[in-house]
Amino acid sequence: MTPPMEQKYMLRSKKGQTGLGAGVWNLGVGSDPFGGPVRESIAILDRLPLLAEAGMTYYEAHDSEIPAEQVEEAKARAAACGISCGMYTPSYFASPIFKDGAMTSNAPEIRKLATENGKKAIDSAAALGASTVVFWNGREGFDFVLSKNGRDVIQRLLEGFNQIGQYAKEKHGDKVRLAIEPKPNEPRANMYLATVGEVLYLISRLDPAHQHLFGVNPETAHSRIAGLDYVWDVELCLEAGKLFHIHLNSQDSQRYDQDLPFGYTEPLKDLALLVVLQDAGYPGIIAFDVKAPRPDEQKDIADVLTVSAQNLVWLWDKALAVDRGVLQSLRDQKRNTAIAGYLAQCLYGR
Ligand code: 3MF
Ligand code: MG
């Protein structure tokens, strides 16, 4: 299953970028809230060749993983193994300073720091050659109602993202785009920007001068944790012209965030998702946000990526073979159940 060295997974007949991406954080030490590391930590830049060997074309990293001072070194290391930075992102969750939020903190100095980190991340992304900066809502949220004024929170988010958008536009033109990633809970009991719909609403309120720079990074597991359908969430982004990036994984029911390999829990819906992406001609990078499971051995740490990539490539080819004429004709005949059957035939049939 593992592709030979240098061989990258590519999506056939895809518009735009055909290679796959994954986060350096995907290859972690296996810790969870109940137990510390079970594997030796691999230095961040040493993870780049592992991603390349797993068939990735792009890597993704947080500012806490590859800080501004390491950008040149990261570029050289990535070039040496034939991958490049597809997405860069400020961490609004790791540092204790953001324990009660970043842009939505009640403390003005924390909000200022969050905005500054966002601007710095845009510069680092540009230096790394990444065209997308993702803003995950991280610790933006509340565990207790009334601990923040929700109406102020919207104003703070608008203020922060407007400053960041203006900076991106002035400094880099349209080169770096900004994608907000929603999540409904974890690490907070309740998170602001919980869903794709909320993110699109926020974007609609941003200054029109740089609103076009903002889009969405929907993640499979995050929609499913919210009890929402991921295919529809992606369709919503596409209709709005706001699908700027994508984080694929899978999620075993509506519980804590698992970051399981793509294609594992709901392959039929994943097939439908790929039909939607193909029909929309989505040109961006398809990236995985998965987590090497705690029981996996160090030597097998990249299995989570090769399993995801193999599932994606297989499903992508099956999606190309889905006869759109058959789908349309079943829709015309009002045979909704038969559509589910046709998809199953494309997935499991001979
Ligand atoms: C958490 C996530 C994050 C974001 C990342 C990129 C650690 O559930 O999905 O991964 O994807 O911070 O902004
Ligand atoms: Mg993610």
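So, here is what we can say about the structure in this document.

Calculation criteria
- Per chain, residue numbering runs from 1 following the sequence as it is written.
- As they are written, the chains are lettered A onward and the ligands numbered 1 onward, keeping that order.
- Totals for whole chains, interfaces and linings use every residue, but because this is a predicted model, local features are given only for residues with pLDDT of at least 70 and side-chain atom pairs only at 80 or more, for both listing and counting.
- Calculated side-chain values reflect all of the structure's heavy atoms, with hydrogen atoms and water omitted.
- Ring geometry is summarised as follows: Phe, Tyr and Trp rings, the Trp one being its six-membered ring, pair when their centres sit within 6.5 Å, and such pairs are stacked at plane angles under 30 degrees, edge-to-face over 60 and tilted between the two.
- Helix numbering and strand numbering both begin at the N terminus, where a helix is a DSSP run of H or I of at least 4 residues and a strand a DSSP run of E of at least 2.
- Only protein chains enter the accessibility calculation, which uses a 1.4 Å probe; a residue is then buried when its area is under 20% of its type maximum, exposed when over 50%, and partly exposed in between.
- Between N-to-C directions, angles span 0 to 180 degrees; the directions come from axes that are lines fitted to C-alpha atoms, helices contributing only their stretch in contact.
- Oblique is the label for any angle not covered by the other classes, which are roughly parallel (under 35 degrees), roughly antiparallel (over 145) and roughly perpendicular (65 to 115).
- Left-handed describes a crossing whose near helix is turned anticlockwise from the far helix through less than a right angle; right-handed describes the clockwise counterpart.
- Here, residues are in contact when the closest pair of their heavy atoms is within 4.5 Å.
- Residue polarity is assigned by list, with Asp, Glu, Lys and Arg as charged and Ala, Val, Leu, Ile, Met, Phe, Trp, Tyr, Cys and Pro as nonpolar; anything else, Gly included, falls into the polar class.
- Buried Ala, Val, Leu, Ile, Met, Phe, Trp, Tyr and Cys residues form a nonpolar core when they are joined through side-chain atoms within 4.5 Å.
- Of all possible arcs, the one meant is that of the directions from the helix axis to the C-beta atoms.
- Only nitrogen, oxygen and sulfur atoms count as donors, using a 2.8 Å cut-off from the metal that widens to 3.2 Å for Na, K and Ca. Water is left out, so coordination shells may look unfilled.
- Working rule for geometry: tetrahedral if four donors all subtend angles between 85 and 135 degrees; square planar for four, octahedral for six, if opposite donors exceed 155 degrees and the others stay between 65 and 115; irregular in every other situation.
- It suffices for a single heavy atom of a residue to lie within 4 Å of a molecule or strand for the residue to be listed as near it.
- Nitrogen and oxygen atoms within 3.5 Å of one another constitute a polar contact, given that in protein one can donate a hydrogen and the other can accept it, and given that sequence-neighbouring residues count only through two side-chain atoms.
- For the accessible areas, the method is Shrake-Rupley and the probe is 1.4 Å, while residue cover comes only from the protein chains on display.
- By definition, two strands form a pair when at least two bridges between them are found by DSSP.

1. Overview of the packing of aromatic side chains
All told, the structure shown has seven aromatic pairs when counted by the stated rule. Judged by centre distance (6.4 Å) and plane angle (35 degrees), the rings of F262 and F288 are tilted. Of this pair, F262 sits in the loop between β9 (247-248) and α8 (267-280) while F288 sits in strand β10 (residues 286-288), placing them 26 residues apart in sequence. For F262, a relative accessible area of 0% corresponds to the buried category. What links up through ring pairs into an aromatic cluster is the set Y92, F98, F135, F161 and F214.

2. Details of the packing of helix α7 (residues 230-239) against α8
In the contact formed by α7 and α8, the axes pass within 9 Å of each other and the chain directions differ by 10 degrees. Between α7 and α8, the interaxial angle falls into the category roughly parallel. Crossing handedness for the pair α7 and α8: right-handed. Of the residues in α8, those in contact with Y230, V231, V234, E235 and L238 of α7 are K269, L273, V276, L277 and A280. Considering only residue class, the contact of α7 with α8 consists of eight nonpolar, no polar and two charged.

3. Comments concerning the nonpolar core
Core analysis: the largest hydrophobic core is formed by 95 residues, its most contacted members being Y59, F161 and I286. At eight residues, the largest contribution of residues to this core is made by helix α9 (residues 303-320). In this view, I286 contacts L11, K14, G19, L20, G21, I246, L248, L277, L312 and W316; residues no more than four positions away in its chain are not counted.

4. Notes on helix α2 (residues 71-80)
All of the buried residues in α2 are V71, A74 and A78. Each buried residue of α2 sits inside an arc of 60 degrees when the element is viewed along its axis, so together they form one side. Pointing more than 90 degrees away from the buried face of α2 are the exposed residues E72, A79 and A80. Here the buried face of α2 lies against α1 (47-53), β2 (58-62) and α3 (108-128).

5. Some details on the coordination of the magnesium ion (ligand 2)
Every protein donor of the magnesium ion (ligand 2) is listed here as E181 (OE), E219 (OE), H247 (ND1) and D289 (OD), and their distances to the metal cover 1.9 to 2.5 Å. One can describe the site at the magnesium ion (ligand 2) as octahedral: its six donor atoms subtend angles covering 75 to 172 degrees at the metal. Each donor residue of the magnesium ion (ligand 2) lies on one chain, and together they are spaced E-x37-E-x27-H-x41-D. Taken together, the positions of E181 in strand β6 (residues 177-181) and D289 in the loop between β10 and α9 put the pair 108 residues apart, joining distant regions of the chain.

6. As for the site of ligand 1
Near ligand 1 there are 14 residues, and of these H62, T89, E181, H222 and D289 occur at the shortest range. Within the side chain of K183, a nitrogen or oxygen atom sits 3.0 Å from an oxygen atom of ligand 1. Take H222: an N or O atom from its side chain is 2.9 Å from an oxygen atom of ligand 1. For ligand 1, whose unbound accessible area comes to 350 Å², protein coverage reaches 92%.

7. Here we look at the sheet that holds β2
Note on sheets: strands pair through backbone hydrogen bonds, and any given pair is parallel or antiparallel. Read across the sheet, eight strands follow the order β8-β6-β4-β3-β2-β1-β10-β9 without closing on themselves; strand pairing throughout is parallel. Among the strands making up the open sheet, the edge pair consists of β8 (214-216) and β9. Contacts from helix α5 (residues 196-204) reach β6 and β8 within the one sheet, and its direction differs from that of β8 by about 175 degrees.

8. Concerning the pairing of β6
Within β6, four of the five residues are buried, leaving the element largely enclosed by the surrounding structure. Of the pairings in the sheet, the one linking strand β4 (residues 132-136) to β6 comprises five bridges and is parallel in character. Bridge pairing links V133 to L178 in β6. Here β6 runs beside β8; their pairing, made up of three bridges, is parallel. Paired with A179 across the strands is G215, a residue of β8.

9. Considering the side chain of H172
On the secondary structure map, H172 appears in helix α4 (residues 150-172). Excluding residues within four positions of it along the chain, H172 makes contact with I122, D123, A126 and Y167.

10. As for the environment of R77
Relative to the helices and strands, R77 resides in helix α2. With 173 residues separating them in the primary sequence, R77 and S250 have C-alpha atoms 30 Å apart. Apart from residues lying up to four places away in sequence, R77 is in contact with L45, D46, L48 and P49.

11. Quick look at the packing of α8 against α9
Closest axis-to-axis distance for the α8/α9 pair is 9 Å, and the angle between their directions is 60 degrees. The two elements α8 and α9 meet at a crossing, and its hand is right-handed. Contact with α8, carried on its side by P267, D270, L271, L274, V275 and Q278, involves L312, L315, W316, K318, A319 and L320 of α9 and no other residues of that element. Considered class by class, the residues forming the contact of α8 with α9 number nine nonpolar, one polar and two charged.

12. Details of unusual backbone geometry
Comment: phi is negative for the bulk of residues other than glycine, and the bulk of peptide bonds are trans. Each neighbour pair has its own omega, and for E186 with P187 the value is 15 degrees, a cis peptide bond. The residue P187 is located in the loop between β6 and β7 (190-191) in this model. Backbone geometry at L193 places phi at a positive 60 degrees, although glycine is not the residue there. Located in the positive-phi region is D259, a residue other than glycine, with phi close to 50 degrees. Take D259: it is sitting in the loop between β9 and α8. For D259, a relative accessible area of 10% translates into the label buried.

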